[in-house]
Amino acid sequence: MQTTNDVIVIGSGASGGMAAWNLTRQGVDVLLLDAGTRFSRAKFWTHVKPWEWNARVDKGERPPQFYLDTKEQPYDTPRGQPFDLVRVWGRGGKTNVWGRVALRYSDVDFAGPEKDGWEIPWPIRYRDIKPYYDRVDQFIGVCGGTDDQDSLPGSPYMLPAAAPRCGEKLLQKAGKSIGVSIVAGRRAVLTKPLNGHPACHYCGACGRGCDVGAFFNSSDYLIEPAMQTGKLRVMDNAVVARVLVNDEGKANGVQYFDRVTGEEHTLKARIVIVAASCIDSTRILLNSKSHAHPNGIGNSSDVVGRYLSEQIRFHMYGFLPQLIGAPTQNDDGIGGEHIYMPRFNHRGAKREYLRGFGAQFWGSGAQADAGFAKALPGFGVDFKTAVKKRYPALVALHPYGEVLPRAENRVTVDEKHVDRYGVPVARIEYKIGENERKMAAEMYDTAEQILRAAKAEIVPFERGHLDVAGSAIHEHGTCRMGADQKRSALNGFCQMHDVPNVFVVDGAAFTTASEKNPTLTILALAWRATDYLAAEMKAGRV
Amino acid sequence: MGAAQHEHPDTSAPVTYTTKVFSADEMKRVATLVDLIIPRTDTPGASDAHVPEFIDRKLSLDAALKERFLAGLRAFDGVLKDGDPFSKLLKGLTVDGYYTSKEGLTQELGWHGNTFLTEFKGCTHADHE
C-alpha cells in the first residue's frame, strides 16, 4: 500500500521553495520533487579568473552545470520563430544564477488590463499582495533606496542601497536633466548580513553562483531551513511528467521519471503544487490528460498554454566623456546594475500603444572583458589605445518592455515529439506584434535621449532590433489567474478553478507580464497562495 | 567569512598548449595578424597573451566557426580592413582572447576585480554628482 503524501511540490525554484518552506513551517508535510540535485556552493567557480578558466578545463575540471542541455530535454519552435528557453533543473532552479532585480508590481500593473481593456483583469490588487512583498523583502533581503513611485512602490524594509558607480551617477544626473527618474537599483543582494546569511563581498561574479550565499537562492534560503523542520522530504532527479487524477477528475498524485535510471514511478498526494517554471509547468499540465480533463488538467477554459508573455529587450551602449581615460576602478559592486529606471510612460501624453517599459543598466563600468571593443574601428596601437581609454567609461542600457498577452502565443504539446521518457515535449509559438514594435520605438528614443543628455559617445546601434524571444528569461501567463472561470485557469490564490487540489504558483500564474522582473512577485504570490492553502487544509476544505 | 578563504591559488600557470586546429605555419600567420590588431606596446600584445592558442581552442570547439575561419585565413590578402568579413572575425576573436587574458585584462586594462571587499564605495567623485 503506497502512502499518500499530504502535499507534493513539483520544482524547487523560487515558487516551489517558497511553497515548501511556508507549508512546512505551518506543520504541513511536504514532498518536494526536484528534477536535478543540489548544486554544491563549495564547487562554484565564483572566484575563477577569466584566464584560469581554460587551464582548469584542460585539467579535466568542470564548472557547475546549471543550465539544462536541450539535447537532454528538447523543445520545439516553428521554423524561423525561435524562442530561447533557459532552464535550470536542480535545487534552487534559476535562483542559483538569477539577475536579482527585485521590483514590486504596482496597481499600474495590476489594474492595467481594466484600464486599457486588453484581455482579462488581474483578480488581485497591490493591497492584496503588499503584506507579502513586505515579508519577502525582510526574509530574502533586498537592497534599495527610499524612492516610492506609482509604478514602483517603495518598501520600508530595504537593506542599504549599493553605492552607484561613476557611470551610473552620471546617468542618473543625465536622466534628471530630461525628466527621467533613475532610482537606486532594488536587488536581492545582502549589503548587510541577514537571517544567518553573510553579506556580499562585492566580487561581482554572481552569475556563476554565489559561493557564500549572499543573495537569495531558493536552496539555501528556503529549502534547507524547511528540511530542518523535519516536515520536508526532497526527492532528487524526479522529472515529473503528469499530474494524475481520480475518476472525478481530482488530483491524486503524480507520475515521474527517474532522471538517472529512466524508470517510471507514481506517487500519491492529496494536494499537488505545480512550480516547475512557466513552460515546464505548462507542459506538465497539458500532458496531464484524462477522461475528466481531455484538454489537460484544469483546462476546461482552454487558456492553459495560451497567453505566453515574455518581454521585449535590447541593449544600447555609450562611453561617458568624464570617464574616458580615467583610472580603472573596481566596479564589481553587487554584480549588475546599482540603478533602475522605473516605468514612466503612463504619465503625460497618451501613447499610441498599451503598457510600458523600464530599464536596467548592468555591465556599466570596468568589466572582466572588453566586448565593446569589437564595435570600435581600426587596428594596431591606435585601436589598443582607444579601447583602453573607453574601458572605464562604458555604460549600458537595457530597456525591458511588456508584451501583451495574446491567445495565439502559446505552448502546446505534440504527441509526435517525445523526450527520452516518451513524454511529449513543449512546442513554443511566440511572436510580438504591432503594440510591441511601437513601444520599442519609444524605448529606443528614451535610451538614446539618456545617452545624449549624458553627452555620451554612443556605440552605433540598429534601431528596432530586439533580442531573440525568451532572452529576458521572464516567461509568464500560460496558466493565468482571473475571476472569470471561462477565461482563466486559476483564482487569485493560484488554485485551479477546475481542480481545487491543484495549485500553480510560478510565473505561469501571472495575468500579465509587466515590464518588471517577476521573481519578487512570484515569491509573494506563492507565499500568499500557500497561506491560503494551509488555512483551507485546516478548515478541511481541500 | 575572512579574506583568507577567498585566496584561491592561481591556476593559470602556463600548461603547454598543444595546437588542435592550426598547423605550425598557420599558428605563425595568426600570431602575426593578431599582433597587427593588438601590438605589443609598453604592455603585452595579442600573441604575448596567447591569443593564437585562444583562437585555436575556440575553433576546435565549433566546426562551423573553424571552417569559416580557415577559409577566410586562406583567402586573406594580409591587409586588415574595417568592413572586411575576415578582418571582423579575426578582430572579434582577438578582442575576446586578449581582453580576457591576464595580460590584457590586468596589465593593459588595469582590471582588479573579482576579489573580496568588505565594502563597496562606488563613485567618490564630487564632480559626478
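Residues numbered from 1 in each chain as written. Chains lettered and ligands numbered in written order. Predicted model: local features only at pLDDT ≥ 70, side-chain atom pairs only at ≥ 80, totals over all residues. Heavy atoms only, no water.

### A closer look at the pattern of salt bridges
Residue and element names in this part refer to chain A.
Argument step 1. Applying the stated criterion across every chain yields a total of 45 salt bridges over all chains.
Argument step 2. The salt bridge partner of Arg-38 is Asp-220, with a shortest N-O separation of 3.3 Å. With Arg-38 in the loop between β2 (30-33) and α2 (53-58) and Asp-220 in helix α7 (residues 218-228), the pair connects residues that are 182 residues apart, well separated along the chain.
Argument step 3. The partner of Asp-109 in a salt bridge is Lys-516, and the shortest N-O contact between them spans 2.6 Å. Of the two residues, Asp-109 sits in helix α3 (residues 107-110) while Lys-516 sits in the loop between β16 (502-504) and α11 (519-538), which places them 407 residues apart along the sequence. (Salt bridge = Lys/Arg side-chain N within 4 Å of Asp/Glu carboxyl O. Helix = DSSP H or I, 4+ residues; strand = E, 2+ residues; numbered from the N terminus.)

### Remarks on helix α1 (residues 14-24) of chain A
Argument step 1. Counting buried positions along α1(A) gives 11 out of 11 residues, so the element sits mostly inside the fold.
Argument step 2. Looking only at α1(A), the buried set comprises A:Ala14, A:Ser15, A:Gly16, A:Gly17, A:Met18, A:Ala19, A:Ala20, A:Trp21, A:Asn22, A:Leu23 and A:Thr24. (Buried < 20%, exposed > 50% of the residue type's maximum accessible area, 1.4 Å probe, protein only.)

### Considerations on the state of the cysteines
A covalent bond between the sulfur atoms of two cysteines is referred to as a disulfide.
All names here are of chain A.
Argument step 1. Per the counting criterion, the structure on display carries zero disulfides over all chains.
Argument step 2. The structure places no disulfide on Cys-494, whose sulfur is separated from the nearest cysteine sulfur, that of Cys-479, by 9.0 Å.
Argument step 3. Overall, Cys-494 belongs to the buried group, its relative accessible area being 1%. (Disulfide = S-S within 2.5 Å.)

### Thoughts on the packing of α1(A) against α11(A)
Residue and element names in this part refer to chain A.
Argument step 1. Close contact between α1 and α11 brings their axes to 8 Å; oriented N to C, the two are set at 35 degrees. Two packed elements cross with a definite hand, and for α1 against α11 that hand is right-handed. Counting all contacts with α1, which are made through Ala-14, Ser-15, Met-18, Ala-19, Trp-21, Asn-22 and Leu-23, the residues of α11 involved are Thr-519, Ile-522, Leu-523, Ala-526, Trp-527, Thr-530, Asp-531, Leu-533 and Ala-534.
Argument step 2. The residue makeup of the contact of α1 with α11, split by class, is 11 nonpolar, four polar and one charged. (Axes fitted to C-alpha atoms, helices over the stretch in contact; angles between N-to-C directions. Left-handed = near helix turned anticlockwise from the far one by under 90°. Contact = heavy atoms within 4.5 Å. Nonpolar A, V, L, I, M, F, W, Y, C, P; charged D, E, K, R; others polar.)

### Here's the deal with the interface of chain B and chain A
Argument step 1. Taken together, the contacts link 53 residues of chain B with 54 residues of chain A.
Argument step 2. Taken together, the two surfaces of chain B and chain A that pack against each other cover about 4500 Å², and 60% of this comes from carbon and sulfur.
Argument step 3. When the buried area of chain B at its contact with chain A is split by residue, B:Asn114, B:Phe120 and B:His128 rank highest and sum to 17% of it.
Argument step 4. Across the chain B-chain A interface, the total number found is two salt bridges. (Buried area = accessible area lost by both parts, 1.4 Å probe.)

### Side note on empty space enclosed by the protein
All names here are of chain A.
Argument step 1. Enumeration over the complete set of coordinates arrives at four cavities of 30 Å³ or more.
Argument step 2. In this structure, the largest cavity is lined by Thr-46, Val-189, Cys-200, His-201, Tyr-202, Cys-203, Gly-204, Ala-205, Cys-206, Cys-210, Ala-214 and Phe-215.
Argument step 3. A breakdown of the residues in the lining of the largest cavity according to their chemical character gives nine nonpolar, three polar and no charged. (1 Å grid on protein atoms, 1.4 Å probe; cavity = no way out; pocket = protein on both sides within 12 Å on 5 of 7 lines; lining within 4 Å. Points joined across faces, edges and corners; volume = space filled by probe spheres on them.)

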